[in-house]
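# Examining the three-dimensional arrangement
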Amino acid sequence: MNSNDNKLKDFFQQLENIKQTYSDLSSSCLHKGSKMSWTEFEKEYKTIGEVINPDKFKDIQSELIEEVMYSILEMLDGYSDLDFELDVVDKQTGESIKNGIQLHDKYRDFVDKNK
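Now for a look at the structure at hand. Not measured: the values here are computed from a predicted model.

## Considering the overall build of the protein
Across its full length, the protein carries four helices and two strands. What you see in the protein, going N to C, is helices and strands ordered as α-α-α-β-β-α. On the principal axes, the C-alpha backbone points of the protein span a range of 50 × 35 × 25 Å. A buried classification covers 31% of the 115 residues belonging to the protein. Contacts in the protein between residues at least 24 apart in sequence constitute 62% of all its contacts with a sequence separation of at least 6. Summed over its atoms, the accessible surface of the protein is roughly 8300 Å², and 50% of this surface lies on carbon and sulfur atoms. Charge centroids of the protein, computed over 15 positive and 24 negative side chains, lie 7 Å from each other.

## Some words on the side chain of Ser34
One can find Ser34 in the loop between helix 1 (3-28) and helix 2 (42-49). Using a relative accessible area of 18% as the deciding quantity, one classes Ser34 as buried. Side-chain polar atoms of Ser34 contact the backbone oxygen of Ser28, separated by 3.3 Å. Those residues in contact with Ser34 that lie beyond four places of it in its chain are Ser28 and Cys29.

## Side note on the packing of helix 3 (residues 54-76) against helix 4 (residues 103-113)
One way to put it is that helix 3 packs onto helix 4 with a least axis distance of 7 Å and a crossing angle of 150°. Taken together, the axes of helix 3 and helix 4 are roughly antiparallel relative to one another. Within the contact between the two elements, helix 3 uses Glu66, Glu67, Met69, Tyr70, Leu73, Glu74 and Leu76 and helix 4 uses Leu103, His104, Asp105, Tyr107, Arg108 and Val111.

## What about the pattern of salt bridges?
Under the criterion given, the structure shown has seven salt bridges. Notably, a salt bridge pairs Glu66 with Lys19, separated by 2.7 Å at the nearest N-O pair. Of this pair, Glu66 sits in helix 3 while Lys19 is found in helix 1, placing the two residues 47 residues apart along the sequence. Looking at Glu66, the relative accessible area reads 6%, which means it is buried. According to the relative accessible area criterion, Lys19 is buried, its value standing at 8%. Each of Glu16, Lys19, Glu66, Glu67 and Arg108 takes part in a single network of salt bridges with overlapping partners.

## Quick notes on the environment of Ile72
Relative to the helices and strands, Ile72 resides in helix 3. It is 9.6 Å that separates the C-alpha atoms of Ile72 and Leu103, two residues lying 31 residues apart in sequence.

## Notes on the nonpolar core
Counting residues in hydrophobic clusters, the biggest one holds 14 residues, and the most contacted among them are Phe12, Leu15, Leu73, Leu103 and Tyr107. Elements supplying a minimum of two residues to this core: helix 1, helix 3 and helix 4. Broken down by element, the residue count for this core peaks at five residues, all from helix 3. If we skip the residues at most four places from it in the chain, Tyr107 touches Phe12, Leu15, Glu16, Glu66, Met69, Tyr70 and Leu73. Counting residues in each nonpolar core, the second largest holds five residues, with Cys29, Leu30, Met36 and Tyr45 among its members.

Here is what the cut-offs are and how they apply
- Residues numbered from 1 in each chain as written.
- Predicted model: local features only at pLDDT ≥ 70, side-chain atom pairs only at ≥ 80, totals over all residues.
- Heavy atoms only, no water.
- Helix = DSSP H or I, 4+ residues; strand = E, 2+ residues; numbered from the N terminus.
- Buried < 20%, exposed > 50% of the residue type's maximum accessible area, 1.4 Å probe, protein only.
- Contact = heavy atoms within 4.5 Å.
- Areas by Shrake-Rupley, 256 points an atom, 1.4 Å probe, with all protein chains shown as cover.
- Lys, Arg positive; Asp, Glu negative; His and termini not counted.
- Charge placed at Lys NZ, Arg CZ, Asp CG, Glu CD.
- Polar contact = N/O pair within 3.5 Å; in protein donor to acceptor, adjacent residues only side chain to side chain.
- Axes fitted to C-alpha atoms, helices over the stretch in contact; angles between N-to-C directions.
- Parallel < 35°, antiparallel > 145°, perpendicular 65-115°, else oblique.
- Salt bridge = Lys/Arg side-chain N within 4 Å of Asp/Glu carboxyl O.
- Core = buried A, V, L, I, M, F, W, Y, C linked by side-chain atoms within 4.5 Å.

In C-alpha coordinates, the structure reads:
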(Lines give C-alpha, C1' and ligand atoms only; values in the text may rest on other atoms or scores of the structure.)
Protein backbone atom coordinates (compact mmCIF):
# COMPACT_ATOMS: atom_id res chain seq x y z
CA MET A 1 0.00 0.00 0.00
CA ASN A 2 1.54 3.31 -1.03
CA SER A 3 1.54 6.56 0.92
CA ASN A 4 -1.44 7.98 -0.97
CA ASP A 5 -3.46 4.80 -0.31
CA ASN A 6 -2.72 5.15 3.40
CA LYS A 7 -3.83 8.78 3.34
CA LEU A 8 -7.07 7.84 1.59
CA LYS A 9 -7.69 5.06 4.08
CA ASP A 10 -7.10 7.47 6.99
CA PHE A 11 -9.34 10.10 5.37
CA PHE A 12 -12.15 7.62 4.79
CA GLN A 13 -11.76 6.21 8.30
CA GLN A 14 -12.23 9.71 9.70
CA LEU A 15 -15.42 10.05 7.65
CA GLU A 16 -16.61 6.73 9.05
CA ASN A 17 -15.80 7.89 12.59
CA ILE A 18 -17.89 11.02 12.04
CA LYS A 19 -20.76 8.93 10.67
CA GLN A 20 -20.57 6.59 13.66
CA THR A 21 -20.46 9.42 16.19
CA TYR A 22 -23.52 11.19 14.85
CA SER A 23 -25.61 8.10 14.12
CA ASP A 24 -24.87 6.97 17.71
CA LEU A 25 -25.76 10.41 19.04
CA SER A 26 -29.05 10.66 17.19
CA SER A 27 -30.16 7.11 17.99
CA SER A 28 -29.29 7.53 21.68
CA CYS A 29 -31.82 10.37 21.78
CA LEU A 30 -34.62 7.86 21.23
CA HIS A 31 -34.10 6.40 24.70
CA LYS A 32 -36.37 7.74 27.41
CA GLY A 33 -34.60 10.16 29.71
CA SER A 34 -31.94 10.98 27.12
CA LYS A 35 -30.30 14.38 27.51
CA MET A 36 -30.49 16.18 24.17
CA SER A 37 -28.83 19.53 24.75
CA TRP A 38 -27.43 19.50 21.20
CA THR A 39 -30.73 19.43 19.31
CA GLU A 40 -33.65 21.79 18.77
CA PHE A 41 -35.91 18.78 18.07
CA GLU A 42 -36.17 17.06 21.46
CA LYS A 43 -39.94 16.62 21.16
CA GLU A 44 -39.59 15.06 17.70
CA TYR A 45 -36.93 12.62 18.91
CA LYS A 46 -39.22 11.53 21.74
CA THR A 47 -42.06 10.98 19.27
CA ILE A 48 -39.85 8.97 16.92
CA GLY A 49 -38.55 6.94 19.88
CA GLU A 50 -42.09 5.76 20.58
CA VAL A 51 -42.45 4.12 17.15
CA ILE A 52 -39.01 2.97 15.98
CA ASN A 53 -36.28 0.80 17.42
CA PRO A 54 -33.15 2.87 18.22
CA ASP A 55 -30.93 0.36 16.38
CA LYS A 56 -33.02 0.64 13.21
CA PHE A 57 -33.01 4.42 13.53
CA LYS A 58 -29.21 4.31 13.86
CA ASP A 59 -29.05 2.28 10.64
CA ILE A 60 -31.24 4.85 8.89
CA GLN A 61 -29.10 7.71 10.17
CA SER A 62 -25.89 5.93 9.14
CA GLU A 63 -27.24 5.41 5.64
CA LEU A 64 -28.27 9.05 5.34
CA ILE A 65 -24.95 10.39 6.63
CA GLU A 66 -23.04 8.06 4.31
CA GLU A 67 -25.00 9.34 1.31
CA VAL A 68 -24.34 12.96 2.30
CA MET A 69 -20.62 12.21 2.56
CA TYR A 70 -20.72 10.44 -0.80
CA SER A 71 -22.37 13.50 -2.36
CA ILE A 72 -19.75 15.81 -0.87
CA LEU A 73 -17.02 13.58 -2.31
CA GLU A 74 -18.77 13.68 -5.70
CA MET A 75 -18.63 17.46 -5.48
CA LEU A 76 -14.90 17.27 -4.70
CA ASP A 77 -14.53 15.04 -7.75
CA GLY A 78 -16.08 17.71 -9.96
CA TYR A 79 -19.67 16.51 -10.18
CA SER A 80 -21.36 19.78 -9.26
CA ASP A 81 -22.38 23.14 -10.62
CA LEU A 82 -19.37 24.90 -9.15
CA ASP A 83 -17.44 27.14 -11.50
CA PHE A 84 -14.13 26.00 -10.01
CA GLU A 85 -12.36 22.76 -9.14
CA LEU A 86 -11.82 21.48 -5.64
CA ASP A 87 -9.02 19.32 -4.30
CA VAL A 88 -7.97 17.55 -1.13
CA VAL A 89 -4.31 18.28 -0.47
CA ASP A 90 -1.86 16.94 2.08
CA LYS A 91 -0.54 20.21 3.48
CA GLN A 92 2.79 18.62 4.48
CA THR A 93 3.65 17.46 0.97
CA GLY A 94 1.41 19.71 -1.12
CA GLU A 95 0.19 16.62 -2.97
CA SER A 96 -3.40 15.90 -3.86
CA ILE A 97 -4.75 12.71 -2.30
CA LYS A 98 -7.30 12.46 -5.10
CA ASN A 99 -4.77 12.51 -7.92
CA GLY A 100 -6.07 10.23 -10.68
CA ILE A 101 -8.95 8.74 -8.67
CA GLN A 102 -12.59 9.42 -7.93
CA LEU A 103 -12.95 9.96 -4.19
CA HIS A 104 -16.63 9.05 -4.17
CA ASP A 105 -15.97 5.68 -5.83
CA LYS A 106 -13.05 4.89 -3.53
CA TYR A 107 -15.15 5.87 -0.50
CA ARG A 108 -17.95 3.53 -1.59
CA ASP A 109 -15.37 0.72 -2.00
CA PHE A 110 -14.01 1.49 1.49
CA VAL A 111 -17.49 1.44 3.04
CA ASP A 112 -18.49 -1.77 1.28
CA LYS A 113 -15.25 -3.46 2.31
CA ASN A 114 -15.74 -2.50 5.97
CA LYS A 115 -19.40 -3.53 6.34
